[in-house]
Amino acid sequence: MIERILERTFLLFLSSGFAKTNTDQIAKHIGISKRTLYKYYDTKDKLIDSVFELMRSKVQAKFDKVLQDKTKDPIDRLKEILFFISDLGSKMSKTFAKDIEMVRPDLFVTMREFRKQRILSLADLLREGQNAGQIRKDVTPELTIDILLAAVDGILNPTYLFQSPYSNTMAFDAIVTIFLEGVQEKH
């Protein structure tokens, strides 16, 4: 039941944000009573914290699985991770991004650091791709990952998201396309 509560709440938060989403809406979205919700989470902040912890654990599990899967080429694993990040980012509403920064700045800092550590872990994958002849040899993996991180941080900035005429999906797709085209070895 707990995982169902957290996953459904996460989807609701992604689409609607969490600052103005009340526990009545959350319980209705999950398909449970408010009393049942309070049985597991007696405050909205505890629910928010648990939702974010579940999200971090799922993202970490996905990264670990893809990075350790040596049956796929490095470039295919890199694409899988980048498309996973892009897909997750495309589901995030502008309201959700603003809520994280304005209402729960502690979560904003935590999520930004978490994202940074996950993206920095891709440098080894770039080196592996260089050894396999899929990634350009003139690319410095750490600097390249820093550039990717700066682009993602720039797009995931709530101020940018609110002022931008572009959708999250369009912005993330552009980052992924430009990044992949820039690092891949041309054959």
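Since the model is a prediction, treat every value here as computed from it, not as a measurement.

(A) Quick look at the nonpolar core. Core analysis: the biggest nonpolar cluster contains 55 residues, and Phe52, Leu78, Leu122, Leu148 and Phe179 have the highest contact counts within it. Considering every element that reaches this core, the biggest residue donor is helix H4 (residues 44-68), with 10 residues. When sequence neighbours within four positions are dropped, the list of residues in contact with Phe179 reads Leu78, Leu82, Leu126, Thr144, Ile145 and Leu148.

(B) Structural context of the UniProt feature "DNA-binding region" (unreviewed entry) in the chain. Following the UniProt record, the feature "DNA-binding region" (unreviewed entry) maps to residues 22-41 here. Annotation note: span residues 22-41, helix share 75%, strand share 0%, distance between end C-alpha atoms 13 Å.

(C) Expanded view of the pattern of salt bridges. Per the counting criterion, the structure on display carries 19 salt bridges. One salt bridge in this structure joins Lys72 and Glu80, with 2.7 Å as the shortest N-O distance. Relative accessible area serves as the criterion here: at 34%, Lys72 is assigned to the partly exposed category. Using a relative accessible area of 23% as the deciding quantity, one classes Glu80 as partly exposed. If you follow the salt bridges from partner to partner, you end up with Asp45, Asp49, Arg104 and Asp106 in one network.

(D) Structural detail: the UniProt feature "domain: HTH tetR-type" (unreviewed entry) in the chain. As annotated in UniProt, the feature "domain: HTH tetR-type" (unreviewed entry) corresponds to residues 1-59 in the numbering used here. Between the C-alpha atoms that bound residues 1-59 the distance is 21 Å, and the span itself is 78% helix and 0% strand.

(E) How the structure looks around the packing of aromatic side chains. Tallying each qualifying case throughout the model produces 4 aromatic pairs. Taken together, Phe13, Phe18, Phe52 and Phe96 form an aromatic cluster joined through their ring pairs. In this structure, Arg118 is placed above the aromatic ring of Phe114, and the distance from its NZ or CZ to the ring centre is 4.6 Å.

(F) View of a nonpolar patch on the surface. Judged by side-chain polarity, Met1, Ile2 and Tyr40 come together as a nonpolar surface patch covering roughly 260 Å² of accessible area. By the element assignment, Met1 lies in the segment before helix H1 (2-16).

(G) The environment of Phe172, seen in detail. Looking at the element boundaries, Phe172 is found in helix H11 (residues 168-183). Separated by 20 residues in sequence, Phe172 and Val152 have C-alpha atoms that sit 7.7 Å apart.

(H) Seen up close, H11. For H11, with 16 residues, the first-to-last C-alpha span of 23 Å sits near the 22 Å given by 1.5 Å per residue. Along H11, the residues that are buried comprise Asn168, Ala171, Phe172, Ile175, Val176, Phe179, Leu180 and Val183. Viewed along the axis of H11, the buried residues span an arc of 150°, placing them on a single side of the element. Pointing more than 90 degrees away from the buried face of H11 are the exposed residues Ile178 and Glu181.

Rules used throughout
- Residues numbered from 1 in each chain as written.
- Predicted model: local features only at pLDDT ≥ 70, side-chain atom pairs only at ≥ 80, totals over all residues.
- Heavy atoms only, no water.
- Core = buried A, V, L, I, M, F, W, Y, C linked by side-chain atoms within 4.5 Å.
- Buried < 20%, exposed > 50% of the residue type's maximum accessible area, 1.4 Å probe, protein only.
- Helix = DSSP H or I, 4+ residues; strand = E, 2+ residues; numbered from the N terminus.
- Contact = heavy atoms within 4.5 Å.
- UniProt positions renumbered as here; feature names shortened; annotations may be inferred.
- Salt bridge = Lys/Arg side-chain N within 4 Å of Asp/Glu carboxyl O.
- Phe/Tyr/Trp six-rings, centres within 6.5 Å; stacked < 30°, edge-to-face > 60°.
- Lys NZ or Arg CZ within 6 Å of the ring centre and 35° of its normal.
- Patch = residues over 30% accessible without salt bridge, like charges linked within 9 Å, V, L, I, M, F, W, Y side chains within 5 Å.
- Areas by Shrake-Rupley, 256 points an atom, 1.4 Å probe, with all protein chains shown as cover.
- Expected span 1.5 Å × (residues − 1).
- Arc of directions from axis to C-beta.

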